[in-house]
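Descriptive analysis of the structure
So you can see what is in the structure, the chains are spelled out below.
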Amino acid sequence: MRYYVAYRHQGADIRLLINNLNIISRAIETSWNSTYIFFRDWQKWGEIIIPIRDIMPLAFQELDNSDWLFAFVDNKEKSEWMLIECWYAKAKWKKIVLAIKKWIDLRLLRTIADEIIEFSDISDLEGKISNLL
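Residues numbered from 1 in each chain as written. Predicted model: local features only at pLDDT ≥ 70, side-chain atom pairs only at ≥ 80, totals over all residues. Heavy atoms only, no water.

**A word on the side chain of arginine 8**
The topology assignment puts arginine 8 in the loop between strand E1 (2-7) and helix H1 (14-29). Within the buried set, arginine 8 has no salt-bridge partner at all; the shortest N-O distance to an opposite charge, 5.2 Å, is to glutamate 77. A polar side-chain atom of arginine 8 sits 3.1 Å from the main-chain carbonyl oxygen of glutamine 10. Among residues more than four places away in sequence, those in contact with arginine 8 are Leu17, Phe72, Asn75, Glu77, Lys78, Ser79 and Met82. (Helix = DSSP H or I, 4+ residues; strand = E, 2+ residues; numbered from the N terminus. Buried < 20%, exposed > 50% of the residue type's maximum accessible area, 1.4 Å probe, protein only. Lys, Arg positive; Asp, Glu negative; His and termini not counted. Salt bridge = Lys/Arg side-chain N within 4 Å of Asp/Glu carboxyl O. Polar contact = N/O pair within 3.5 Å; in protein donor to acceptor, adjacent residues only side chain to side chain. Contact = heavy atoms within 4.5 Å.)

Shown next as C-alpha cells:
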C-alpha cells in the first residue's frame, strides 16, 4: 500500500515538521508500505521551490498513485491545502487515516476519515501507527 501523507506546512516549525514526518514515514513503512510526502519527495525538504500554482496538480497526481491518504493534524489551525487533498482523496474513493491530537476538534475531517488515530505526542502516534497498519 502507498500512503500519501498530508500535513499542515504553512506556519509550521519546519525542523519539527521534518522530524515528525520522518517518524510517521518510518512507522508506516515498517509494515511493508510506502509513503509519499510532497515536501520530502518533490521539494527535497525545501531545496526545490515549486510555484504555488503547480503544487495542486502535482499533489493530485501523487494522490492518484496512492492507495490511502494519511492526514497528520497536530495543530488546531486548519490547512486549506490539506482539506483540498482530503476531499480530492475522498472523491477518488481513497481511504483516509486521520492522525489527530486528542484535544483537537475538527469535525469535518473526523467525519470523512475511514480510520482515526488520536495521539498525545509523536511517540504515542508512532506506536499507534505500528499497531494499526
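**Regarding H1**
Taking 1.5 Å per residue as the helical rise, H1 with its 16 residues ought to reach 22 Å, and the 22 Å between its terminal C-alpha atoms agrees with that figure. Buried residues of H1: Leu17, Ile18, Asn20, Leu21, Ile23, Ile24, Ser25, Ala27 and Ile28, and no others. Looking at the packing, one finds that the buried side of H1 touches E1, strand E2 (34-36), helix H2 (38-41), strand E3 (68-73) and helix H6 (122-132). (Expected span 1.5 Å × (residues − 1).)

**Re the packing of H1 against H6**
At a minimum axis distance of 8 Å, the contact between H1 and H6 shows a crossing angle of 20°. By the angle between their directions, the pair H1 and H6 is classed as roughly parallel. Seen from above, H1 lies across H6 with right-handed handedness. Note on element contacts: H6 touches H1 through Ile122, Leu125, Glu126, Ile129 and Ser130, opposite Asn20, Ile23, Ile24, Ala27 and Ile28. Residues that form the contact of H1 with H6 fall into these classes: seven nonpolar, two polar and one charged. (Axes fitted to C-alpha atoms, helices over the stretch in contact; angles between N-to-C directions. Parallel < 35°, antiparallel > 145°, perpendicular 65-115°, else oblique. Left-handed = near helix turned anticlockwise from the far one by under 90°. Nonpolar A, V, L, I, M, F, W, Y, C, P; charged D, E, K, R; others polar.)

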